[in-house]
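# Architecture and fold: a report
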Amino acid sequence: SPDGSYIMHVTAKTISFIDTQEKKLKRWISSKDQKTISATEFHPNNQILALLEQPTTSRTKKNVANVVLKYFDINTKKKLIKISISPFYPSWIVRRYTALSFAPDGNYLLITSDNLSVIFPVPIEVIYELTREKLRIMYDFLKHNSFSWNSIDLIIKNILAMTKR
């Protein structure tokens, strides 16, 4: 992990972590069905794990590989979001060597595989802990106060900064 608090061990079906503080091995994620974990990467904030799963065969019944990108909260082990990238890149062919890399600011994720490189924006749900309650408070605050558009932009940025993971 970026701050050295975890060491990750990845196989085709599982991810295990060594907590460097507790010095314990923890089995954490298991890939299910006919999917293989093909790449993983820690988010720069050290709290999020990106995981790319690919089918064990190159094509499905519909002749399209169902490649899935998942984001997990490392502390809670909760899956934050799951995105099928196959609709965006229907010609994606399952590759043996795939890598993930976050931009230094954590707002973009690069996926590389052989001759293909794709940059995805990291979903807002991954970067910010936007619960319904926080969104309701933000909405009520903006609804019941009058602001210029410039100040609304600044207020939203400040609220988001307070909810950053």
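As the structure is a computational prediction, the values presented were derived from the model and not from experiment.

### Topic: the overall build of the protein chain
In terms of regular secondary structure, the protein chain is built from three helices and 10 strands. In the protein chain, the succession of α and β elements from N to C terminus is β-β-β-β-β-β-β-β-β-β-α-α-α. Counting across all 165 residues of the protein chain, residues that qualify as buried make up 36%. Long-range contacts, defined here as pairs at least 24 residues apart, represent 41% of the contacts in the protein chain between residues at least 6 apart. Within the structure as shown, the protein chain displays about 10,300 Å² of accessible surface, and the carbon and sulfur contribution to it stands at 55%.

### A short note on the pattern of salt bridges
All chains considered together, the criterion is met by one salt bridge. A salt bridge links Lys70 to Glu53; its shortest N-O distance comes to 3.1 Å. Here the residue Lys70 occupies a position in strand 6 (residues 68-73), and Glu53 occupies one in strand 5 (residues 48-55), the gap between them amounting to 17 residues. Neither residue differs from the other here; Lys70 and Glu53 are each classed as buried.

### Section: the nonpolar core
By size, the foremost hydrophobic cluster in this structure holds 19 residues, and its most contacted members are Leu52, Tyr71, Leu109 and Ile111. Put simply, the parts of the chain that give this core at least two residues each are strand 5, strand 6, strand 8 (98-102), strand 9 (108-113), strand 10 (116-121) and helix 1 (124-127). A total of three residues in this core trace back to one element, the largest contributor, which is strand 5. Among the nonpolar cores identified, the runner-up in size contains 10 residues, and Tyr6, Phe17, Trp28 and Ile37 belong to it.

### Some words on the packing of aromatic side chains
In this structure the tally under the stated criterion is four aromatic pairs. When the ring of Tyr6 is compared with that of Phe42, the centres are 6.5 Å apart and the planes differ by 10°; the resulting orientation is stacked. Residue Tyr6 is located in strand 1 (residues 6-10), and its partner Phe42 is located in strand 4 (residues 35-42); the two are separated by 36 residues in the primary sequence. Exposure remark for Tyr6: the relative accessible area of 17% places this residue in the buried category. When its relative accessible area of 9% is taken as the criterion, Phe42 is described as buried. Ring centres of Tyr71 and Phe102 lie 6.5 Å apart, and the angle between their planes is 50°; this geometry places the pair in the tilted category.

### Notes on the sheet that holds strand 6
Overall, antiparallel pairing links the four strands, which are arranged 4-5-6-7 in an open sheet. Among the strands making up the open sheet, the edge pair consists of strand 4 and strand 7 (79-84). Across this sheet, the average inter-strand angle for adjacent strands is 20°, counted without regard to direction. With six bridges joining them, strand 5 and strand 6 adopt antiparallel strand pairing. If you follow Leu49 over to strand 6, its bridge partner there is Phe72.

Calculation rules
Residues numbered from 1 in each chain as written. Predicted model: local features only at pLDDT ≥ 70, side-chain atom pairs only at ≥ 80, totals over all residues. Heavy atoms only, no water. Helix = DSSP H or I, 4+ residues; strand = E, 2+ residues; numbered from the N terminus. Buried < 20%, exposed > 50% of the residue type's maximum accessible area, 1.4 Å probe, protein only. Contact = heavy atoms within 4.5 Å. Areas by Shrake-Rupley, 256 points an atom, 1.4 Å probe, with all protein chains shown as cover. Salt bridge = Lys/Arg side-chain N within 4 Å of Asp/Glu carboxyl O. Core = buried A, V, L, I, M, F, W, Y, C linked by side-chain atoms within 4.5 Å. Phe/Tyr/Trp six-rings, centres within 6.5 Å; stacked < 30°, edge-to-face > 60°. Pairing = 2+ DSSP bridges. Axes fitted to C-alpha atoms, helices over the stretch in contact; angles between N-to-C directions.

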